[in-house]
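Tertiary structure, described
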Amino acid sequence: MSRPLRLGLPFAAALLVADQLSKWWILEVLRLPEIRQVKLLDLGFAGFDLTMVWNRGVTFGLLAGDTLPHRLMLAGLALVVCAVLLRWMLRAENRLTTLALGGIIGGAIGNVIDRLRFGAVVDFADAWVGSFHWYVFNLADAAIVLGVVALIGDALFRPRATAKESP
């Protein structure tokens, strides 16, 4: 197994397990669908709550739908993206890229599992400032977003070797 896979795949797997455990806890232990919301931190001007949301779309609820073919299409699309990212991971040049891709893959598969099990993704993390609430998200979503941010940062700020000019 190549070095990027030895690092990226275990990271993706660990993230996937953590994501699924957090969703199990939210659904089965806390039973958030029944109680709807738990206030965790209220600083007056900002806070963080657990709020139950079933996301039937993709990022920010886009492409939402509730039919089996729609769910299968979204799950299939996510798996195709994971395959492309896995191929990229094989060629990753540094640890940051490898871990970022692992985070995106683990998060995407976590949300695919939800979509296939429940017909929707389990979202519950609700951060707010004043009256503004960011979209409710989960650990998989956070891993995907942070992975994309890391890839963009790497692309923009990693020093590149300069090519030697031929005589």
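Before going into details, it helps to say that this report is about the structure given with it. Not measured: the values here are computed from a predicted model.

A look at the overall build of the protein
- Scanning the protein from terminus to terminus reveals five helices and four strands.
- In sequence order, the secondary structure elements of the protein are arranged as α-α-β-β-α-α-β-β-α.
- The buried share among the 167 residues of the protein stands at 39%.
- Here the analysis covers contacts within the protein between residues at least 6 apart in sequence; of these, 65% occur between residues at least 24 apart.
- If you sum the accessible surface of the protein, you get close to 10,200 Å²; carbon and sulfur atoms cover 70% of it.

Remarks on the nonpolar core
- One finds Leu5, Ala12, Cys82, Leu85, Met89, Ala100, Leu101, Ile104, Ile105, Ala108, Ala150 and Leu151 forming the largest nonpolar core, which totals twelve residues.
- Listed by contribution, the elements that provide at least two residues to this core are helix H1 (3-29), helix H3 (68-90), helix H4 (95-118) and helix H5 (139-157).
- Top element by residues in this core is H4. It accounts for five residues.
- Beyond its immediate stretch of four places on either side in the chain, Leu151 contacts Trp88, Thr97, Ala100, Leu101 and Ile104.
- In this structure, Ile26, Leu27, Met52 and Val122 belong to the second largest nonpolar core, which totals eight residues.

Looking at a nonpolar patch on the surface
- A surface patch of nonpolar side chains, amounting to about 510 Å² of accessible area, comprises Val17, Leu21, Trp24, Trp25 and Val29.
- Tracing the backbone through its elements, the reader meets Trp24 in helix H1.
- Judged by relative accessible area, Trp24 falls into the partly exposed class, the value being 48%.

A look at the packing of aromatic side chains
- Counted under the stated rule, the structure contains three aromatic pairs.
- Ring centres 5.5 Å apart and planes at 80 degrees place the aromatic pair Trp134 and Tyr135 in the edge-to-face group.
- We classify Trp134 as partly exposed; its relative accessible area is 43%.

Thresholds applied
- Residues numbered from 1 in each chain as written.
- Predicted model: local features only at pLDDT ≥ 70, side-chain atom pairs only at ≥ 80, totals over all residues.
- Heavy atoms only, no water.
- Helix = DSSP H or I, 4+ residues; strand = E, 2+ residues; numbered from the N terminus.
- Buried < 20%, exposed > 50% of the residue type's maximum accessible area, 1.4 Å probe, protein only.
- Contact = heavy atoms within 4.5 Å.
- Areas by Shrake-Rupley, 256 points an atom, 1.4 Å probe, with all protein chains shown as cover.
- Core = buried A, V, L, I, M, F, W, Y, C linked by side-chain atoms within 4.5 Å.
- Patch = residues over 30% accessible without salt bridge, like charges linked within 9 Å, V, L, I, M, F, W, Y side chains within 5 Å.
- Salt bridge = Lys/Arg side-chain N within 4 Å of Asp/Glu carboxyl O.
- Phe/Tyr/Trp six-rings, centres within 6.5 Å; stacked < 30°, edge-to-face > 60°.

Purely geometric numbers; function is a separate question.
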